[in-house]
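Next come the chains, spelled out residue by residue.
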Amino acid sequence: MVNTVNPVIVAIDGPSGTGKSSTSRAVADKLGLRYLDTGAMYRAITWWMLSNGVDVNDPVAVADQAGKPTLVSGTDPTAPTITVDGLDAAGPIRTQEVTAAVSAVSAVPEVRARLVELQRAAVATATDGIVVEGRDIGTTVLPAAGVKIFLTASAEARAARRSGELNGSVSVAATQAALIQRDAADSSRVASPLAKAADAIEVDTTELTLTQVIENIVALVEEKRTGS
Ligand SMILES: Nc1ncnc2c1ncn2[C@@H]1O[C@H](COP(=O)(O)OP(=O)(O)OP(=O)(O)O)[C@@H](O)[C@H]1O
Ligand SMILES: Nc1ccn([C@@H]2O[C@H](COP(=O)(O)O)[C@@H](O)[C@H]2O)c(=O)n1
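In this text the structure is predicted, and so the values were computed from the model without any measurement.

What counts as what
- Residues numbered from 1 in each chain as written.
- Chains lettered and ligands numbered in written order.
- Predicted model: local features only at pLDDT ≥ 70, side-chain atom pairs only at ≥ 80, totals over all residues.
- Helix = DSSP H or I, 4+ residues; strand = E, 2+ residues; numbered from the N terminus.
- Buried ≥ 20, exposed ≤ 12 C-beta atoms within 10 Å, placed from the backbone.
- Contact = placed C-beta atoms within 7 Å.
- Near = placed C-beta within 6 Å.
- Nonpolar A, V, L, I, M, F, W, Y, C, P; charged D, E, K, R; others polar.
- Pairing = 2+ DSSP bridges.
- Axes fitted to C-alpha atoms, helices over the stretch in contact; angles between N-to-C directions.
- Parallel < 35°, antiparallel > 145°, perpendicular 65-115°, else oblique.
- Left-handed = near helix turned anticlockwise from the far one by under 90°.
- UniProt positions renumbered as here; feature names shortened; annotations may be inferred.
- Expected span 1.5 Å × (residues − 1).
- Arc of directions from axis to C-beta.
- Core = buried A, V, L, I, M, F, W, Y, C linked by C-beta atoms within 7 Å.

Across its full length, the protein carries nine helices and eight strands. Considering only C-alpha atoms, the protein reaches an extent of 55 × 40 × 30 Å along its principal axes. Within the protein, the proportion of its 228 residues that are buried is 41%. For the protein, the proportion of contacts with a sequence separation of at least 24, taken over those separated by at least 6, is 76%.

Structure representation (structure tokens):
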């Protein structure tokens, strides 16, 4: 029997390009859950810092400004949204400039404290359950999540997937180097680094299609919901 009393909370973490966003959105949509992209929140605050002339490589300057922007995340998996001070940030947060700066900003403890508070508030309002994706969801943001998944894939597979998105405008080798560099920064920071929770289920997506990954995770969540 489906458990309708406790909303299921699904944490999906993993390195860049492993399929967290594609998988999380589809799983949430199939199961009637909300969806929160925490990476978009770190990107959004980075965009605000860059737009407001804050030196993103100065942790003191970033910490000083971390409380200023107003971030709002829409959690419909079919149409996720993010605004900063009322402006639609969905496009600007995907630029190379933001991607190159986001690891420095997300390493600042004051930024993390601010965004983790917003993330937990979003989860608290998701009365039907939610899929939350990021780097530290299972370890730090939602350590009591009912289902924890850690997605992985080889660097080669991830780079090929990302290059495909960019229509070959950036070489696979350059894409792979950038992914590895961002993962290294995210894994080595002191404040809640990218890490697999001890009780997370690792899913290596290298040889799986996106559909297979989605089906696997839907099955894991259904098992949890039905207690089977
Ligand atoms: N199993 C898979 N097989 C093939 N392609 C995949 C698979 N999973 C995801 N993709 C594709 O790989 C690309 C990256 O996926 P996605 O954006 O979901 O990864 P991500 O982990 O959220 O990345 P990031 O952390 O950088 O935001 C997308 O183009 C997506 O369609
Ligand atoms: N829980 C999280 C989520 C993301 N980050 C940082 O944001 C960057 C962008 O994430 P994407 O998923 O959109 O690629 C990521 O590289 C991290 O620096 C984080 O720290 N914690």
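Right, picking up where we left off after that structure.
Around ligand 1 there are 17 residues in total, and Gly 19, Lys 20, Ser 21, Ser 22 and Arg 161 lie nearest to it. Split by residue class, the shell around ligand 1 holds three nonpolar, 10 polar and four charged.

Strand order across the open sheet formed by five strands is E2-E6-E1-E7-E8, with parallel pairing between neighbours. If you trace the sheet from one side to the other, it starts and ends with strand E2 (34–37) and strand E8 (201–204), each paired once. The sheet shows a mean angle of 20° between the axes of neighbouring strands, direction not considered. In this fold helix H9 (residues 210–226) packs onto strand E1 (9–13), strand E7 (147–152) and E8, with an angle of close to 165° to the strand it touches most, E7.

Bringing the packing of helix H2 (residues 38–51) against helix H5 (residues 109–125) into the picture now. The N-to-C vectors of H2 and H5 enclose an angle of 135°; their axes lie 11 Å apart at closest approach. Our classification of the angle between H2 and H5 gives oblique. In this structure, H2 meets H5 at a crossing whose hand is right-handed. For the pair H2 and H5, contact is made by Thr 38, Met 41, Tyr 42 and Ile 45 and by Val 111, Leu 115, Leu 118 and Gln 119, respectively.

This brings us to the UniProt feature "binding site: ATP" (unreviewed entry) in the protein. Within this structure's numbering, the places UniProt gives as "binding site: ATP" (unreviewed entry) are Gly 14, Pro 15, Ser 16, Gly 17, Thr 18, Gly 19, Lys 20, Ser 21 and Ser 22. Along the chain, Gly 19 turns up in the loop between E1 and helix H1 (20–31). One can find Lys 20 in helix H1. C-beta crowding within 10 Å serves as the criterion here: with 25 such atoms nearby, Lys 20 is assigned to the buried category. Non-local contacts of Lys 20, meaning those with residues more than four positions away in its chain, are made with Ile 12, Gly 14, Glu 133 and Leu 151.

The next subject is the sheet that holds strand E5 (residues 87–88). Sheet architecture is open: three strands sit in the order E3-E4-E5, paired in antiparallel fashion. In the strand order of this sheet, the two ends are held by strand E3 (71–74) and E5, each with one partner. Two strands pair when backbone bridges link them, and E3 and strand E4 (residues 81–84) are joined in this way by four bridges, in the antiparallel orientation. Residue pairing across strands places Leu 71 opposite Val 84, the latter belonging to E4. Along the sheet face, H2 touches E3 and E4 and points at about 25° away from the line of E4.

The subject of this paragraph is H9. Here H9 contains 17 residues, and its C-alpha end-to-end distance of 24 Å stays within 8% of the 24 Å for a straight helix at 1.5 Å per residue. The set of residues buried in H9 consists of Val 213, Ile 214, Ile 217 and Val 221. Angular distribution of buried residues about the axis of H9 spans 95°; they occupy a single face of the element. Along H9, exposed side chains directed more than 90 degrees from the buried face belong to Thr 211, Gln 212, Ala 219, Glu 223 and Thr 226. Where H9 is buried, its residues touch E1, H1, E7 and E8. Of the residues trailing H9, Gly 227 is marked for its positive phi of about 70°.

Let us look at the nonpolar core. Core analysis: the biggest nonpolar cluster contains 52 residues, and Val 10, Ala 11, Ala 44, Ile 45, Val 131, Val 132 and Ile 149 have the highest contact counts within it. Among the elements that take part in this core, H2 stands out by supplying eight residues, more than any other. In this structure, Val 132 is in contact with Ala 11, Leu 36, Thr 38, Gln 119, Val 123, Ile 137, Val 141 and Leu 142, ignoring residues within four places of it in sequence.

This part takes up the site of ligand 2. Every one of the 15 residues lining ligand 2 counts as a neighbour, but Gly 39, Tyr 42, Ser 106, Gly 134 and Arg 135 are closest to it. Counting residues per element, the ones that place at least two in the shell around ligand 2 are H2, helix H4 (96–106) and helix H8 (172–188). Each residue belonging to the shell around ligand 2 can be placed in one class, and the counts come to four nonpolar, six polar and five charged.

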